[in-house]
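# Working through the structure, step by step
This is what each chain is made of:
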Amino acid sequence: MIPTMLLSNWYSGATLFAFFLDSHPEIICNGETFPLRDKDKRRNICSCGAYIDTCDFYKNTIYIKEDETFPRNWDYNNAVVKPRLHNNILVNRYLSSPLLESFLRRKIITHTNIKNRLNSYINYQFNFMENALNYSDANVYVDGTKSIRRTQIFANHFRNEKLNLIHLVRDGRAFCNSYKKNRKLTEKDLNFAAQEWNDYIQLVDNLANKFSNVNTLTIRYEDLCNNKHRVGLEISKFLKLSSSKKFEEDNSTSHILGNRMRKDFNFDIVEDLSWKQELSENTISAISKVMKKNLHRFNYL
């Protein structure tokens, strides 16, 4: 089983897209799976309405140690988005990133327990995905964690096989407006957000260029909102899904983690065009200059 990876910048409709993907009978997508950290003891609520430590889906797919603590303890070394190979954040980043290949890194991983910890992490993740597919009688797992580092690790692990990647992109001007509202910024700060939009696209490009086994499909948020049928056909062809099964055909309960919209999603997908009214013409012009190349690339200009 090789997962399909979903990459998307902040505020680009990834949770909405996860619901759409999960609505196909052959696909399982859990959105931003593994949200907990060892210092984060909040009880997260699944889109089914249950806390994840009582949700039937997660109880049957993720091993949670039973003890007297609350909530029940996750395996914080493995039930996480990115592996924890070292307690130091910078060292962990160096050890876990295939893009930072070096003689020293290979030596450290090969001749220490790091390799075993990395393998343990990968095995745990794949075991979860297989359990998720078995639970729902599906055959394609789409990893909606949106983590580039995680995608790098899986691409490196499957170097001799194809790894499918779906890149969800949203109009950079809409992204900047959502960024402003969610981060409580002023319009004068949006050149930074515009550059962040460019930078994320560059990170996706770097990954695809680094790993020749990565097969990429780009989906625009706006097309998902305005032509779900065509987007569904593109994804079905890309993932080689059965022609007899359609998106929004699976009526079973979704088990999705992500932003707050997951709690009352009803498949009423409407494009958010508020940026056109909420941003001044001067701001739109300024950020469009920063993003001009990629706005043209994805047919936003």
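As annotated in an unreviewed UniProt entry, the protein chain is Sulfotransferase domain-containing protein from Salinimonas marina.

### A closer look at the pairing of strand β1 (residues 4–8)
Judged by how many residues are buried, β1 sits mostly within the fold: five of five residues are covered. A two-sided burial pattern is seen for β1, the buried positions comprising Thr4, Leu6 and Ser8 on one face and Met5 and Leu7 on the other. Sheet topology note: the β1/strand β6 (residues 163–169) ladder contains four bridges and is parallel. Bridge pairing in β6 places leucine 7 opposite histidine 167.

### Thoughts on helix α8 (residues 190–210)
An α-helix turns once per 3.6 residues; consequently, residues spaced three or four apart project the same way. An ideal rise of 1.5 Å per residue puts 30 Å on 21 residues; α8 measures up with 30 Å between its terminal C-alpha atoms. Among the residues of α8, Leu190, Ala193, Ala194, Glu196, Trp197, Asn198, Tyr200, Ile201, Val204 and Leu207 are the ones counted as buried. Looking at the packing, one finds that the buried side of α8 touches β1, α6 (148–157), β6, α7 (172–183), β7 (214–220) and α12 (281–297).

### Some details on α12
At methionine 291, α12 shows its maximal bend, which comes to roughly 75°. All of the buried residues along α12 are Thr283, Ile284, Ile287, Ser288, Met291, Asn294 and Leu295. Contacts made by the buried residues of α12 are with α7, α8 and α11 (275–278). Positioned one or two residues after α12, asparagine 299 has a phi angle of 60°, which is positive.

### What about the packing of aromatic side chains?
On inspection of all chains with the given rule, the structure shows twelve aromatic pairs. Where tryptophan 10 meets tyrosine 11, the ring centres are 6.3 Å apart and the plane angle is 40°; that geometry is what we call tilted. The class of tyrosine 11 is partly exposed, set by a relative accessible area of 22%. Taking 6.4 Å as the distance between ring centres and 65° as the angle between the ring planes, the aromatic pair formed by tyrosine 179 and phenylalanine 192 counts as edge-to-face. In this pair, tyrosine 179 is assigned in helix α7 and phenylalanine 192 in helix α8, connecting sequence segments 13 residues apart. Sitting above the plane of the tryptophan 10 ring, arginine 183 keeps its charged end 5.7 Å from the centroid. Here arginine 183 stacks its cationic end above the ring of tyrosine 179, 4.5 Å away from the centre of that ring.

### Looking at the side chain of threonine 33
Mapped onto the elements of the fold, threonine 33 is located in the loop between β2 (27–29) and α2 (56–61). Contacts of threonine 33, omitting those with residues within four sequence positions, involve Tyr58, Val81, Phe128, Tyr141, Thr145 and Leu257.

### Concerning the sheet that holds strand β5 (residues 140–143)
Strand order in the open sheet formed by five strands is β2-β5-β1-β6-β7, and the pairing between neighbours is parallel. For this open sheet the edge positions go to β2 and β7, each flanked by a neighbour on one side alone. Pairwise comparison of adjacent strand axes, ignoring direction, gives a mean angle of 25° for this sheet. In this sheet, β5 lies alongside β1 in parallel orientation, the contact comprising two bridges. The residue bridging methionine 5 from the neighbouring strand is aspartate 143, located in β5.

### Let's talk about the packing of helix α1 (residues 14–22) against helix α10 (residues 228–239)
The geometry of a pair of packed helices is captured by two quantities: the angle between their axes and the separation between those axes. In the contact formed by α1 and α10, the axes pass within 12 Å of each other and the chain directions differ by 65°. As far as their axial angle goes, α10 and α1 are roughly perpendicular. Helix-helix and strand crossings are classified by hand; for α1 and α10 the assignment is right-handed. Along its contact with α1, which presents Phe17, Phe20 and Leu21, the element α10 presents Lys228, Val231, Gly232 and Ile235. A breakdown of the residues in the contact of α1 with α10 according to their chemical character gives five nonpolar, one polar and one charged.

### What to know about the environment of glutamate 130
Note on placement: glutamate 130 falls in helix α5 (residues 114–136). As for glutamate 130 and methionine 1, which are separated by 129 residues in sequence, their C-alpha atoms are 7.3 Å apart.

### Some thoughts on the pattern of salt bridges
Under the definition given, this model contains ten salt bridges. Note that lysine 146 is salt-bridged to glutamate 32, the shortest N-O span being 3.1 Å. Of the two residues, lysine 146 is situated in the loop between β5 and α6 and glutamate 32 in the loop between β2 and α2; the sequence distance between them amounts to 114 residues. Assessed through its relative accessible area of 16%, lysine 146 is described here as buried. Taking the shortest distance from any N to any O, the salt bridge between arginine 220 and aspartate 223 comes out at 3.1 Å. Ionic contacts of the salt-bridge type, sharing partners, join the residues Arg220, Asp223, Arg230 and Glu234 into one network.

What counts as what
- Residues numbered from 1 in each chain as written.
- Predicted model: local features only at pLDDT ≥ 70, side-chain atom pairs only at ≥ 80, totals over all residues.
- Heavy atoms only, no water.
- Buried < 20%, exposed > 50% of the residue type's maximum accessible area, 1.4 Å probe, protein only.
- Helix = DSSP H or I, 4+ residues; strand = E, 2+ residues; numbered from the N terminus.
- Pairing = 2+ DSSP bridges.
- Expected span 1.5 Å × (residues − 1).
- Contact = heavy atoms within 4.5 Å.
- Bend = angle between axes of the 7 residues up to and from the residue.
- Phe/Tyr/Trp six-rings, centres within 6.5 Å; stacked < 30°, edge-to-face > 60°.
- Lys NZ or Arg CZ within 6 Å of the ring centre and 35° of its normal.
- Axes fitted to C-alpha atoms, helices over the stretch in contact; angles between N-to-C directions.
- Parallel < 35°, antiparallel > 145°, perpendicular 65-115°, else oblique.
- Left-handed = near helix turned anticlockwise from the far one by under 90°.
- Nonpolar A, V, L, I, M, F, W, Y, C, P; charged D, E, K, R; others polar.
- Salt bridge = Lys/Arg side-chain N within 4 Å of Asp/Glu carboxyl O.

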